2 protein chains.
Amino acid sequence: MEVKKIFLPESELPRQWYNIQADMPTPLEPPLHPGTGQPAGPDDLAPIFPMPLIEQEVSQERWIDIPEEILEKYLIWRPTPLYRAYNLEKYLDTPAKIYFKNEGVSPAGSHKPNTAIAQAYYNKISGTKKICTETGAGQWGSALAFCCSLFGLECKVYMVKISFQQKPYRRMMMETWGANCVASPSNETKAGQSILAKNPDSPGSLGIAISEAVEAAVASEENKYSLGSVLNHVMLHQTVNGLECQKQLAIAGDYPDVVIGCAGGGSNFAGNCLPFVRDKIHGKDIDIIGVEPASCPTMTRGPFAYDFGDTVQMTPLLAMHTLGHSFVPEPIHAGGLRYHGMAPIISQLVMDNLIRPVAIQQMETFQAGITFARTEGFISAPETNHAVAITIREALKAKEEGKEKVILMNWSGHGLVDMAAYEAFLHGKLADHELEEEAIQQALEEIAPLPKPRQYTG
Amino acid sequence: MEVKKIFLPESELPRQWYNIQADMPTPLEPPLHPGTGQPAGPDDLAPIFPMPLIEQEVSQERWIDIPEEILEKYLIWRPTPLYRAYNLEKYLDTPAKIYFKNEGVSPAGSHKPNTAIAQAYYNKISGTKKICTETGAGQWGSALAFCCSLFGLECKVYMVKISFQQKPYRRMMMETWGANCVASPSNETKAGQSILAKNPDSPGSLGIAISEAVEAAVASEENKYSLGSVLNHVMLHQTVNGLECQKQLAIAGDYPDVVIGCAGGGSNFAGNCLPFVRDKIHGKDIDIIGVEPASCPTMTRGPFAYDFGDTVQMTPLLAMHTLGHSFVPEPIHAGGLRYHGMAPIISQLVMDNLIRPVAIQQMETFQAGITFARTEGFISAPETNHAVAITIREALKAKEEGKEKVILMNWSGHGLVDMAAYEAFLHGKLADHELEEEAIQQALEEIAPLPKPRQYTG
């Protein structure tokens, strides 16, 4: 029998995260203070983040030690297995070798705990009592709830109302881990109240929920805010995934020609691909593909510009690919990919042609998910299916070209708490969404007057 | 850092299943034909099972080779990790070492695919086109759906109606893997029709669903029936779990004083404990505990007698602990443990005092599940929480006694598709069920007139 799963021994768990800021050809633009438009310093961020995370946010050190207490908690599910997808390869009759990294083995079922553990830990040692956050599809909220329970921290989650209603299991998971979860917009914050005053039936959005969580965090010195994606320190923590992958592929005696991941805020994608981007900077020939939904085409259609991370403009301005902070994407089932912006690190790497973005419609992604489930067994999260679909496309391209390419797919999580999406697909209730050009243009108009806009030239 | 997860390399995956029939101090009583009351031979079973499984059902060989094609599919999730529950130990402040075997890493989320893969394979090579089965909580149906998809077999699942309504995600999983799932009682079989004629609002039961699946199987020569528990060949396939555990504990340098698993039909429990029962037969001092719900106390309150496996009396009569084939337990959330009978192998081992049965109320099990989730991270299936609760009791007993006991718990599956149960518990909507003695007595009366009744003397 051929080896199916490449396991790393626990002793090989990476001891450091990789900080790509040390290697980026174009340095990151600084975040700007939302009031003054001037570069925001550590002091500006101190009300919402603990200092160790702020230091990581701006660090230029290439390698950052992972504290022993975090390593110990990582062992609950890490190192995660790297799979060879023999059954899928056979089904596609492709000469490509397909590997997938299974991040679905964490208790929360996705990659999100990689940073949630770290954030909970640094908050704990900094004296935080309660962490406030938002969640879209619920992956992040449940991951943070899980990790706060391990460190004995309170956790408050503002969950986008439409997901709160559609995905009760995610809320129940958070409650099982001891967190408090409310639908956003809520009546608990001024941000929520102002949205509800205008539209009592607002389905909510990630931008609104961020506003609420930030407001709740600054309300008390014992509270802090936590973000599950976008920021540099989040990308940093996620690199434990790609670093493991590199060791595992070395064990298998392979190196990827293509690296594929889905990208919403960018952390899942970054976590797997950044160590390979480093290799690419140093001359390796790799096609690194970030997959986004056609209904929220941040990287492929949004300009690179300064924009707010949230709807009511409370966060610092970030230099990133964005569709405008008021853009509300169609309610596709891959809720974790419905964000108007993209991580500054990923955005800059797209600008520098180190990452190739691709947008895809949801019907193809679900069809790919069905194929994957019936060959490799695992049911993917709808977000993950974006990576699965492009993996299948690349494997079929390799077949056309007759090339034995090595494809690495980042399988970010399972879909067992998202079965309603499969139900809708299997019963003909899903469709692709034609993007309304008008809606994008309208949202983009809000970006133009901002400081330092820069058009996409990639 | 201490090792948290003991992995077996794939090359160490057991190549044979262990058949305890070769070592049992008291041989099994033969199954009886439901019409004649005479011992049922292979020919009697041929209409519903393929011959290789019938041969395994009656085999006295100690070791049975696992075919290469099954081993290859096992690698999708096996060997499964054996965990050391350091966080739970610390929380309980116990000197006990707690190990748990994580069977939740399979695509279906439980131990069930261990036998589903084998049954799908043997049906495939025997020419079966469609497998019919029943499912209670949905674990078995989804496992068989998954495994049929890997071998290109059709799969038809009769799902107990109350679960069909309460656990739509399980049905959606089956459909994602390509199976057809209907609520039982259905109008598709005579058995279902007769139940519906008496009670159109019948919530269904495992016994009724078995009747439907057997009827559908015998309707065509191309169809076969499949059972996810109770029978000898199912116990056999599950032993891959316990055999792995023995190798993993040897790596850890430990041997269990206590082995704990939850028992519904008995296959999950058997899979983990039978290799240890063998050691006990050969003189090892181990406390092997089968945990059942107080609302369906088959082993602790049911006599050892011949009884039908299903409600409408179509299956062979099995010598087992039973509450009577018409017993309908309270609708507790651990649906997989709501079965009136217990596997003949487990029943006989209880009679021979090799296994110690314990019954427990559901409130304690959910409290244990919360404790486990907040220490070890993973959210257990409600069935699994029965094992978690007794593990906690045993660890606290070890603390009282000041003994460094080694406890092995079989963590049979995750609860991510059962979150409604946690919701009910956390929001005060669950209660313990006082068993109505009358209901048991009434059900037991049906057993008495059967051939060869034998009272429990253990």
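The rules behind each value
- Residues numbered from 1 in each chain as written.
- Chains lettered and ligands numbered in written order.
- Predicted model: local features only at pLDDT ≥ 70, side-chain atom pairs only at ≥ 80, totals over all residues.
- Heavy atoms only, no water.
- Helix = DSSP H or I, 4+ residues; strand = E, 2+ residues; numbered from the N terminus.
- Rg over C-alpha atoms; globule rule 2.2 N^0.38 Å.
- Buried < 20%, exposed > 50% of the residue type's maximum accessible area, 1.4 Å probe, protein only.
- Contact = heavy atoms within 4.5 Å.
- Domains from an automatic or database assignment.
- Buried area = accessible area lost by both parts, 1.4 Å probe.
- Core = buried A, V, L, I, M, F, W, Y, C linked by side-chain atoms within 4.5 Å.
- Least-squares fit on C-alpha atoms with pLDDT ≥ 70 in both.
- Pairing = 2+ DSSP bridges.
- Axes fitted to C-alpha atoms, helices over the stretch in contact; angles between N-to-C directions.
- Salt bridge = Lys/Arg side-chain N within 4 Å of Asp/Glu carboxyl O.
- Phe/Tyr/Trp six-rings, centres within 6.5 Å; stacked < 30°, edge-to-face > 60°.

Remarks on the overall build of chain A
The helix and strand tally for chain A stands at 18 helices and 15 strands. Its C-alpha atoms give chain A a radius of gyration of 20 Å, within 12% of the compact-globule value 23 Å for 458 residues. Considering only C-alpha atoms, chain A reaches an extent of 60 × 50 × 45 Å along its principal axes. Split into buried and exposed, the 458 residues of chain A put 67% on the buried side. Put simply, of all contacts in chain A between residues at least 6 apart along the chain, 78% involve residues at least 24 apart.

Structural notes on the domain arrangement of chain A
Residue and element names in this part refer to chain A. With domains assigned, chain A is organised as domain 1 (77–109 + 233–445) and domain 2 (113–227). Look at where the C-alpha atoms of domain 1 and domain 2 centre, and you get two points 24 Å apart. On the domain 2 side, the residues contacting the 28 residues of domain 1 number 28 residues. In total, about 2,200 Å² of surface goes out of reach between domain 1 and domain 2, with carbon and sulfur atoms giving 64% of it.

Some points on the nonpolar core
In terms of nonpolar packing, the biggest core is built from 160 residues, with W17, I70 and Y74 of chain A together with W17, I70 and Y74 of chain B touching the most fellow members. Those residues in contact with I70 of chain B that sit more than four places away from it in its chain are W17, I117, A118, Y121 and Y122 of chain B.

Remarks on the relation of the copies chain B and chain A
Placing chain B over chain A gives an RMSD of 0.0 Å and needs a rotation angle of 180°, together with 0.0 Å of translation along the axis. In short, the pair behaves as if placed about a two-fold rotation axis. Interface overlap between copies: 100% of the residues of chain B at the interface are likewise at the interface in chain A, consistent with a symmetric, same-surface contact.

Description of the sheet that holds strand β11 (residues 287–293) of chain A
All names here are of chain A. Taken together, 7 strands build an open sheet; the order of strands is β1-β4-β5-β15-β10-β11-β14 and the sheet is mixed. Among the strands making up the open sheet, the edge pair consists of β1 (5–6) and β14 (356–360). Across 6 bridges, the pairing between strand β5 (residues 97–102) and strand β15 (residues 406–411) is parallel. Paired with N102 across the two strands is W411, which belongs to β15. Along the sheet, helix α12 (residues 267–281) contacts β5, β10 (258–262), β11 and β15; its crossing angle with β11, the most-contacted strand, is approximately 155°.

Re the pattern of salt bridges
It is possible for side chains of opposite charge to pair when their charged atoms get near one another. A full pass over the atoms with the stated rule returns 42 salt bridges over all chains. Across the salt bridge formed by R171 of chain A and E423 of chain B, the nearest N and O atoms sit 2.9 Å from each other. One end of the pair, R171 of chain A, is in helix α8 (residues 168–176); the other, E423 of chain B, is in helix α17 (residues 419–426), on a second chain. Residue class for E423 of chain B comes out buried when judged on its relative accessible area of 17%. Of the charged contacts in the structure, one is a salt bridge between D23 of chain B and R62 of chain B, with a shortest N-O distance of 2.7 Å. Remark: R62 of chain B occurs in the loop between α2 (51–58) and β3 (63–65) and D23 of chain B occurs in the loop between β2 (16–18) and α1 (42–45); sequence separation between them is 39 residues.

Brief notes about the packing of aromatic side chains
Residue and element names in this part refer to chain A. Enumeration according to the criterion identifies 34 aromatic pairs over all chains in this entry. For the pair F372 and W411, a centre-to-centre distance of 6.0 Å together with 25° between the ring planes defines the contact as stacked. Placement of the pair is F372 in helix α15 (residues 362–375) and W411 in strand β15, with a sequence separation of 39 residues. Look at F372 and you get buried, because its relative accessible area is 0%. Ring-pair connections join several aromatic residues into one group, and the members of that group are Y83, F100, F372, F378 and W411.

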